[in-house]
Amino acid sequence: MPQLGLLHGRAWAVLFGQLRRPPGAVCIRAVHSHSQGQQYFQVAEAALATQLKPHQEKSNFIIKTPKGTRDLSPQQVVVREKILDMVVSCFKRHGAKGLDTPAFELKETLTEKYGEDSGLIYDLKDQGGELLSLRYDLTVPFARYLAMNKVKKMKRYHVGKVWRRESPTIAQGRYREFCQCDFDIAGQFDPMIPDAECLKIMCEILSGLQLGDFLIKVNDRRILDGIFAVCGVPESKFHAICSSVDKLDKMSWKDVRHEMVAKKGLAAEIADRIGDYVQCHGGVSLVKQMFQDPRLSQNKQALEGLGDLKLLFEYLTLFGIAEKISFDLSLARGLDYYTGVIYEAVLLQTPAHAEEEPLNVGSVAAGGRYDGLVGMFDPKGHNVPCVGLSIGVERIFSIVEQRMKTFGEKIRTTETQVFVATPQKNFLQERLKLIAELWDAGIKAELMYKNNPKLLTQLHYCENMGIPLVVIIGEQELKEGVIMLRSVASREEVAITRENLVAEIQKRLSES
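Predicted model only: the values in this text are computed from it and were never measured.

What counts and what doesn't
Residues numbered from 1 in each chain as written. Predicted model: local features only at pLDDT ≥ 70, side-chain atom pairs only at ≥ 80, totals over all residues. Heavy atoms only, no water. Helix = DSSP H or I, 4+ residues; strand = E, 2+ residues; numbered from the N terminus. Buried < 20%, exposed > 50% of the residue type's maximum accessible area, 1.4 Å probe, protein only. Contact = heavy atoms within 4.5 Å. Areas by Shrake-Rupley, 256 points an atom, 1.4 Å probe, with all protein chains shown as cover. Pairing = 2+ DSSP bridges. Axes fitted to C-alpha atoms, helices over the stretch in contact; angles between N-to-C directions. Parallel < 35°, antiparallel > 145°, perpendicular 65-115°, else oblique. Left-handed = near helix turned anticlockwise from the far one by under 90°. Nonpolar A, V, L, I, M, F, W, Y, C, P; charged D, E, K, R; others polar. Arc of directions from axis to C-beta. Salt bridge = Lys/Arg side-chain N within 4 Å of Asp/Glu carboxyl O. Phe/Tyr/Trp six-rings, centres within 6.5 Å; stacked < 30°, edge-to-face > 60°. Lys NZ or Arg CZ within 6 Å of the ring centre and 35° of its normal.

Engineer: Looking at this structure, how should I read the overall build of the chain?
Structural biologist: Along the backbone of the chain there are 17 helices and 16 strands. For the chain, the proportion of its 512 residues judged to be buried stands at 45%. Pairs at least 24 apart in sequence give 67% of the contacts found in the chain among residues at least 6 apart. Counting only carbon and sulfur atoms, one obtains 52% of the accessible surface of the chain, whose full area is about 27,400 Å².

Engineer: Even after reading the chapter, I still don't get the pairing of strand β5 (residues 177-186), so can you show me in this structure?
Structural biologist: Two faces belong to every sheet, and in a regular strand the side chains alternate between them. Burial of β5 is extensive: nine of the ten residues sit out of reach of the surface. Note that strand β4 (residues 154-163) and β5 share ten bridges and pair antiparallel. When the bridges of β5 are listed, W163 appears paired with E177. Bridge count for β5 against strand β11 (residues 386-391) is six bridges, and the pairing is antiparallel. Bridge assignment links F183 to a residue of β11, and that residue is L389.

Engineer: What should I look at first to understand helix α5 (residues 139-148) in this one?
Structural biologist: An α-helix turns once every 3.6 residues. As a result, residues three or four positions apart point the same way. Extensive coverage of α5 is indicated by the burial of eight of its ten residues. Three or more residues of α5 are buried, namely T139, V140, P141, F142, A143, R144, L146 and A147. Those residues of α5 that are buried lie in contact with β2 (104-106), α4 (107-110), β4, β5 and β11. The positive-phi residue at the C-terminal boundary of α5 is K150, with phi of around 55°.

Engineer: Looking at this model, I keep getting lost on the sheet that holds strand β12 (residues 418-421). Mind explaining?
Structural biologist: The pairing of strands in a sheet comes from backbone hydrogen bonds and takes either a parallel or an antiparallel form. Strand order in the open sheet formed by five strands is β13-β12-β14-β15-β16, and the pairing between neighbours is mixed. Each edge of the open sheet carries a strand with a single partner, namely β13 (445-447) and β16 (493-497). Between one strand and the next, the sheet's axes are offset by a mean angle of 30°, whatever the strand orientation. The strands touched by helix α15 (residues 455-465) within the sheet are β12, β13, β14 (469-472) and β15 (482-487), with β12 carrying the most contacts at an inclination of about 175°.

Engineer: What exactly am I supposed to notice about unusual backbone geometry here?
Structural biologist: Apart from glycine, the bulk of residues carry a negative phi angle, and the bulk of peptide bonds sit in the trans form. A positive phi is found at E112, a non-glycine position, where the angle reads about 60°. Mapped onto the fold, E112 is located in the loop between α4 and β3 (132-134). At Q210, a residue that is not glycine, the phi angle is positive and equals roughly 55°. Secondary-structure assignment places Q210 in the loop between α6 (193-208) and β6 (214-220).

Engineer: What is the right way to read the packing of helix α3 (residues 74-93) against helix α13 (residues 393-407) from this model?
Structural biologist: In a pair of packed helices, the angle between the axes and the distance between the axes together describe the arrangement. Running from N to C, α3 and α13 point in directions that differ by 125°, and their axes come no closer than 10 Å. With respect to α13, the element α3 is oriented oblique. For the element pair α3 and α13, the recorded crossing hand is right-handed. Each of Q76, V79, R80, I83 and L84 in α3 lies in contact with α13, whose residues at this interface are V393, E394, I396, F397, V400, E401 and M404. Among the residues making up the contact of α3 with α13, the classes are represented as eight nonpolar, one polar and three charged.

Engineer: Which parts of the structure should I look at to understand helix α10 (residues 268-278)?
Structural biologist: Within α10, burial applies to I270, A271, I274, G275, Y277 and V278. Down the axis of α10, the sector holding all buried residues measures 160°, keeping them to one side. Close packing links the buried residues of α10 with α7 (221-231), α8 (238-245), α9 (253-263) and α11 (284-291).

Engineer: Mind showing me how you'd approach the pairing of β14 here?
Structural biologist: What you see with β14 is no split at all: L469 and V471 on one side and V470 and I472 on the other are buried throughout. In this sheet, β14 lies alongside β12 in parallel orientation, the contact comprising four bridges. Counterpart to A421 in the pairing with β14 is I472. Taken together, the four bridges between β14 and β15 define a ladder with antiparallel strand orientation. Along β15, the bridge assignment pairs I472 with M484.

Engineer: How should I be thinking about the pattern of salt bridges in this particular structure?
Structural biologist: Any two side chains of opposite charge can pair, on the condition that their charged atoms come close. The tally for this structure, following the rule as stated, stands at 26 salt bridges. Its salt-bridge partner being R93, residue E204 comes within 2.8 Å of it at the nearest N-O pair. Taken together, the positions of E204 in helix α6 and R93 in helix α3 put the pair 111 residues apart, joining distant regions of the chain. The exposure class of E204 is partly exposed, given its relative accessible area of 22%. Across the pair E463 and R491 runs a salt bridge, and its minimum N-O distance is 3.1 Å. Taken together, the positions of E463 in helix α15 and R491 in the loop between β15 and β16 put the pair 28 residues apart, joining distant regions of the chain. Taken together, the salt bridges that share partners define one network made up of R70, R80 and E394.

Engineer: In this structure, what is going on with the packing of α9 against α10? I would like to understand it.
Structural biologist: Relative to each other, α9 and α10 sit at 145°, their axes nearing to 10 Å. For the crossing formed where α9 meets α10, the hand is right-handed. The residues of α10 that touch α9, namely those facing W253, R257, M260 and V261, are A268, A271, D272, I274, G275 and V278.

Engineer: Explain the environment of K247 here, please?
Structural biologist: Along the polypeptide, K247 turns up in the loop between α8 and α9. As for K247 and S330, which are separated by 83 residues in sequence, their C-alpha atoms are 8.8 Å apart. Setting aside residues up to four positions removed in sequence, K247 forms contacts with E116, V256 and E259.

Engineer: What should I look at first to understand the packing of aromatic side chains in this one?
Structural biologist: When we look at a pair of aromatic rings, we describe it by the centre distance and by the angle of the planes. Under the definition given, this model contains eight aromatic pairs. On the basis of an interplanar angle of 45° and a centroid distance of 4.3 Å, the ring pair of Y114 and Y136 is categorised as tilted. Of the two residues, Y114 is situated in the loop between α4 and β3 and Y136 in the loop between β3 and α5; the sequence distance between them amounts to 22 residues. In this structure Y114 comes out as buried when scored by relative accessible area, which is 0%. Following the ring pairs from residue to residue traces out a cluster consisting of Y114, Y136, Y337, Y338 and Y370. Its guanidinium or amino end placed over the ring of F142, R156 lies 4.2 Å from that ring's centre, counting from NZ or CZ. R164 extends its terminal NZ or CZ atom over the ring of Y136, reaching a point 3.9 Å from the ring centre.

All quantities given are derived from atomic positions and should not be read as evidence of function.
This is how it looks when you write it as structure tokens:
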């Protein structure tokens, strides 16, 4: 008789093939000595540990969304869709056509278009010879599309997700994956007419969404470059200093000045001269004041920018929105591709006391002119002047969602208009025939997926889901050729002939 070593039950199972053997393991039928038993015991325990390891690792796995992303509940989707519908309807009202581009682009397409923000681009692992990156915005893909298809004139809108590898601030509506809504006008036109329309669109959308008081800051990159030049900034540092100025909405001038001097090597006296300009803001009167500035009036670029802003304010006055616009010399828009007018919309928090200044609670839309971006993709360097805007949907969504929570607004997550119900058993076939008639007539309808649902359960479902109408069919209604139509709100019921049911439902829905 072979002598059997003392093995753990699960280990024996491994040895005798009752569990799947790991690669290289040998199934032994009998152990002939105690030493052999110990040896085989170690082999079996090792095999067992290998089999259990994936299960142990899985138990430590935390189910969550990646950092800087989120799921949207059905209620949140409804709120977002309403915002997007309003935004897109405005774009269409201004004659824009829709466009879509891939979620990822060739890495080279996105390189050197975003200045210091280029480090926030998500690069993808090489999957077959192409170096790819997730799109950072919708503007660069649009410019690539224009150049690739040799389009010289286009007014387009685009709604899509973009990705940025920055530190997310969920409470402020900042994410690593978020939705952008862009409107752009490409083509050679007379100065400032398309730019003025973009600002008009911004005002229409922000007013329509009823977010509260807002202000649109306007500047021109040529004016900024002119300021840098007359203040003595080396041309090689223009982009770096512009990036610092762009932080003035989040940092004090003292901190921005420190960054310019300590981190970017700018002379302190030059930084002080810049500070004299970038802390100015006002209306068209400030534009006139800058025309008279002894230093700035000597710079050709700055004069071109000031001339365009003067014309822009004339058009904005005609559009009736000039009071919503502020000429703000601190506005920089850090993206490298802007070449002319730039703008950014901020919401203003109502102050607690009349003497307090309104507080900036965040940027909700931005844009500007980028006349050289298409030429970066064209083999012959042919430019297509462009100007556009982007609506910050996530920020707006956060504000609207918070407001709805504050006021306890209930949100319907479906658009169902009619529920098909029965008080009796074995009426599934009749319900199916009836709901098919409603669907075929274009009516949004539901039924309960049970053979014999209770009537009270069906009616409670309608009340909970906000469904306005119920059609009830039973033996009596079938015999008389009628359907009972019930109003969920008033609980009133009326018998309608089968052939008139669709017309009666459509009439009631049009009146509600």
